[in-house]
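Each chain, written out:
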Amino acid sequence: MSDFEHVFDAPPEGAAADWTIPQDWASYTEVEHQTWDVLYARQMRILPGRAADVFLKGLTALDLNTGGIPDFAVMNPKLQALTGWTVVCVPGLVPDEVFFDHLANRRFPSGQFIRKPDQLDYLQEPDIFHDVFGHVPMLSDPDFAAYMEAYGKGGQRAASLGVLQNLARLYWYTVEFGLVQDADGLRIYGAGIVSSATESVFSMEDASPNRLGFDLERVMRTLYRIDDFQQVYFVIESIEQLKRETLQDFGPIYGRLRGADDIAIDAILPSDQVFTRGTQAYAARGGRFAA
């Protein structure tokens, strides 16, 4: 799900009723395949020692380094054999209800396009590298796969109750920008980080952001930013913990959240488990890769 405006109000020409489109792998150009290879090679120089073991194992299991953009016809049978998930192409950002329906049925919607060679470091709308390299390896893990299915089903309910913004924060701070406490220390599992060369380093090593222990309701009250490095990262103990805490009935939680104030993005509460008390220097300098 995304805070960006949707490109379309209805499925565009050529899209099915569920907004899916063919990947049309044969239509990718050599430049587009080379862009994938450049991005992949760059991330693999950065991620060892920073990315979670579960993410790296997923990369290996799905063999996403065969040269060029992965062919979903080849990748999907491997993923489906592991967790029952498949990846489907969509023409751009889709309505929330479409997104949730795909997740609830173990389908992950991916953009079909890849960024231009001059957009390697920043792209507003997620492309196939973010979606496939960033998200799909985690879907090979049974616990994370169960979490994502539950999130899709929970999203359908949250939308009907008018609390979608709270659930969006959970997705943001876990699926997109989550950290996990691995045996060897803090590691990245969020797709928005592992697919970004600069944020992969910033999230782990910069003194600026807060790094706090994951607390479900705290996360669902915390504001976030969509156009820059995060000012706070939340750390889960394990993927199993994430699944366990989010498979509960959210009804009572939503009731409490309705009467609770939002939490500022840079706040540290007395109840927080603090891994790193950040300086917030990056945000104070104005952000957007400020020197």
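It should be emphasised that the depicted structure is a prediction, and the values quoted were computed from it without experimental measurement.

Participant: Which residues make up the environment of Pro109, and what are the values?
Facilitator: Relative to the assigned elements, Pro109 resides in strand β2 (residues 107-111). Overall, Pro109 belongs to the buried group, its relative accessible area being 8%. For Pro109, the contacting residues outside a window of four places in its chain are Val88, Val90, Phe99, His102, Leu103 and Asp131.

Participant: I'd like to hear about the sheet that holds strand β3 (residues 179-182), residue by residue, with values.
Facilitator: With mixed pairing, the 5 strands of this open sheet are ordered in space as β4-β3-β6-β5-β7. Edge positions in the sheet fall to β4 (185-188) and β7 (274-276), since each has one partner strand and no second. Averaged over neighbouring strand pairs, the angle between their axes works out to 35 degrees when direction is ignored. On top of the sheet, helix α9 (residues 197-205) reaches β3, β4, β5 (210-213) and β6 (232-236); it is set at about 155 degrees to β4, its chief contact.

Participant: Tell me about helix α1 (residues 30-46), residues and numbers included.
Facilitator: Along an α-helix, residues three or four apart share an orientation, since each turn contains 3.6 residues. Across its 17 residues, α1 extends 25 Å between first and last C-alpha, which sits within 8% of the 24 Å expected from 1.5 Å per residue. Along α1, the residues that are buried comprise His33, Thr35, Trp36, Leu39, Tyr40, Arg42, Gln43 and Ile46. Check the buried side of α1 and you find it contacts α2 (53-62), α5 (128-135), α8 (191-194) and α9.

Participant: Provide a residue-level description of the packing of helix α6 (residues 142-161) against helix α11 (residues 239-246), including the pertinent values.
Facilitator: Orientation of α6 relative to α11, taken along the N-to-C sense of each, is 30 degrees, at an axis distance of 8 Å. As far as their axial angle goes, α11 and α6 are roughly parallel. Considering only the axes of α6 and α11, their crossing is left-handed. Of the residues in α11, those in contact with Asp143, Phe144, Ala146 and Tyr147 of α6 are Ile239, Glu240, Leu242, Lys243 and Thr246.

Participant: Explain the packing of aromatic side chains to me, and be specific about the residues and the numbers.
Facilitator: Counted by the stated rule, this structure contains 19 aromatic pairs. Taken together, the aromatic side chains of Phe99, Phe100, Phe144, Tyr147, Tyr151, Tyr171 and Tyr189 make up a single cluster linked through ring pairs.

Participant: Tell me about the environment of Ile226, residues and numbers included.
Facilitator: Looking at the secondary structure, you find Ile226 in the loop between α10 (216-221) and β6. Distance in space between the C-alpha atoms of Ile226 and Leu59 is 26 Å, their sequence separation being 167 residues.

The rules we used
- Residues numbered from 1 in each chain as written.
- Predicted model: local features only at pLDDT ≥ 70, side-chain atom pairs only at ≥ 80, totals over all residues.
- Heavy atoms only, no water.
- Helix = DSSP H or I, 4+ residues; strand = E, 2+ residues; numbered from the N terminus.
- Buried < 20%, exposed > 50% of the residue type's maximum accessible area, 1.4 Å probe, protein only.
- Contact = heavy atoms within 4.5 Å.
- Pairing = 2+ DSSP bridges.
- Axes fitted to C-alpha atoms, helices over the stretch in contact; angles between N-to-C directions.
- Expected span 1.5 Å × (residues − 1).
- Parallel < 35°, antiparallel > 145°, perpendicular 65-115°, else oblique.
- Left-handed = near helix turned anticlockwise from the far one by under 90°.
- Phe/Tyr/Trp six-rings, centres within 6.5 Å; stacked < 30°, edge-to-face > 60°.

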